[in-house]
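What the coordinates show
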Amino acid sequence: MFGMGKKKNLVGLDLGSSAIKLVELSSRAKKHEEVYELTALGYEPLPHQAIVEGTIMDSTTVSDSIKKLFAELKIRNNNVATSISGSAVSIKKIVLPLMSPEELEESIQWEAKHHISLPIEDVNLDYFIVNTSPEQGKMEIILTAARKDRINLYTTAIIQAGRNVSLMDIDGLALQNAFEANYEMYRDRVVILINIGASVTNINIVAGGTPLLVRDVSLGGNYFTDLIQKEFSLTFEKAESLKRGNSVDGISPAVIQPLIQIGFNDLRREIAQTIDFLKLSYTDKRIERIILSGGSAKLPGFQSFLGKEFDCPVELFNPFRNIHFNEKLYDRDFLMEMAPVFGIAVGLALRKIGD
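**Points about the nonpolar core**
Soluble, globular proteins show a tendency: their nonpolar side chains are buried together. Residues Ile192, Ile287, Ile290, Leu292, Phe302 and Leu306 are the most contacted members of the largest nonpolar core, which totals 40 residues. Put simply, the parts of the chain that give this core at least two residues each are β11 (191–196), β12 (201–207), β13 (210–217), α5 (221–232), α6 (236–243), α7 (257–281), β14 (289–293) and α8 (302–310). For this core, the element with the most residues is α7, which contributes 8 residues. Excluding residues within four positions of it along the chain, Ile290 makes contact with Ile192, Ile194, Leu306, Phe310, Cys312, Pro313, Val314 and Glu315. Among the nonpolar cores identified, the runner-up in size contains 35 residues, and Leu25, Leu167, Phe320 and Ile353 belong to it.

The structure is reproduced here in structure tokens:
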């Protein structure tokens, strides 16, 4: 998406509000399919508010962190795939009369004006066909729009780090890319992918390789931290440590559980609202599984809470499930512990120039 050029591997670079996640994969053909191997993995925490709700506030710090990761990991490939989300992105599924690729190209700008909430002159547009029905004379299109100013912020930070932005994706779709590469047994089921970042939660309901509904919610792990910070008059750093299960200034993690429950309930409402949106368009669809990723996906009790609320299995996302790695270079226990954090980065690393 938003890419061009030859089909070459890219370095997946997920610029999150709390940390930068980097994944590099190598690929080879085997029995008519592509096999991937992990060649680089990096995680670099960012200072609080270096990136706020998807907007880069401190470009120098972000660029320096990218440089540090590439240098420490000795990565030679300078071609990067990255992604954005939140208020800078609009994703819509639309139904159009069946038409040729040339006709679709000509009409997409006009269609976008009627379906995209962002000003057309301020965005970059892209689209892809998810389904065609010749007997009904219709085609389903995923139409995406991303604000040019947000794209420029991310592009500038990466260029300042001496790298090339070869492809700009959208978080929810990058997450789906990693899901499809690793969970072939769920491809025919209706699955909701939920990535809880520091400031934004990405929600993508998928079935049969098709994104049925993609939505970003301005509520993430920092929301829990802010509740704790205000209640106990702590610094952000101390509140974050308390949220992660550490005692701080004599405050036990058990004391914050009512605040954590408030966060759980607020996230549940957003997820329920997304599912309600789905039911308006797909009356026959029922969520069969929830897959959680992101830095706050492992908050104690959250999996069981969602499972009870939505009456379906909930599991943590492992984007390395079908990806080979050398256990002499990568500790399996560490990789599995951190796996949910790298969902978007893996999805980006699976992209190639020209996708």
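**Re the side chain of Ser85**
Assignment of secondary structure puts Ser85 in the loop between β6 (79–84) and β7 (89–97). Side-chain polar atoms of Ser85 contact the side chain of Asp171, separated by 2.9 Å. Sequence-distant contacts of Ser85, that is, excluding residues within four places in its chain, are made with Arg150, Asp171, Val200, Asn202 and Asp216.

**Observations regarding the sheet that holds β12**
The strand order β13-β12-β11-β14-β15 describes an open sheet built from 5 strands, whose pairing is mixed. Looking at which strands have only one partner, the edges of the open sheet turn out to be β13 and β15 (314–316). For this sheet the average axis-to-axis angle between neighbouring strands, irrespective of direction, equals 20°. Note that β11 and β12 share 6 bridges and pair antiparallel.

**Notes on α7**
Between the first and last C-alpha of α7 there are 37 Å, a value that for 25 residues agrees with the 36 Å anticipated at 1.5 Å per step. Among all positions in α7, only Leu259, Ile260, Gly263, Phe264, Asp266, Leu267, Ile271, Ala272, Thr274, Ile275 and Leu278 are buried. Those residues of α7 that are buried lie in contact with β11, β12, β13, α5, α6 and α8.

**Here's the deal with the confidence of the model for the protein**
Averaged over every residue, the pLDDT of the protein is 92; residues scoring 70 or more account for 98%. For the stretch residues 2–6, pLDDT sits under 50, and the model shows 18 contacts to residues farther than four places along the chain or on other chains.

**Concerning the pattern of salt bridges**
All chains considered together, the criterion is met by 17 salt bridges. Residue Glu309 pairs with Arg268 through a salt bridge whose shortest N-O separation is 3.6 Å. Note that Glu309 is positioned in helix α8 and Arg268 in helix α7, a separation of 41 residues in sequence. What emerges from the salt-bridge pattern is a single network uniting Glu240, Lys243 and Arg244.

What counts as what
- Residues numbered from 1 in each chain as written.
- Predicted model: local features only at pLDDT ≥ 70, side-chain atom pairs only at ≥ 80, totals over all residues.
- Heavy atoms only, no water.
- Core = buried A, V, L, I, M, F, W, Y, C linked by side-chain atoms within 4.5 Å.
- Buried < 20%, exposed > 50% of the residue type's maximum accessible area, 1.4 Å probe, protein only.
- Helix = DSSP H or I, 4+ residues; strand = E, 2+ residues; numbered from the N terminus.
- Contact = heavy atoms within 4.5 Å.
- Polar contact = N/O pair within 3.5 Å; in protein donor to acceptor, adjacent residues only side chain to side chain.
- Pairing = 2+ DSSP bridges.
- Axes fitted to C-alpha atoms, helices over the stretch in contact; angles between N-to-C directions.
- Expected span 1.5 Å × (residues − 1).
- pLDDT = per-residue confidence, 0-100.
- Salt bridge = Lys/Arg side-chain N within 4 Å of Asp/Glu carboxyl O.

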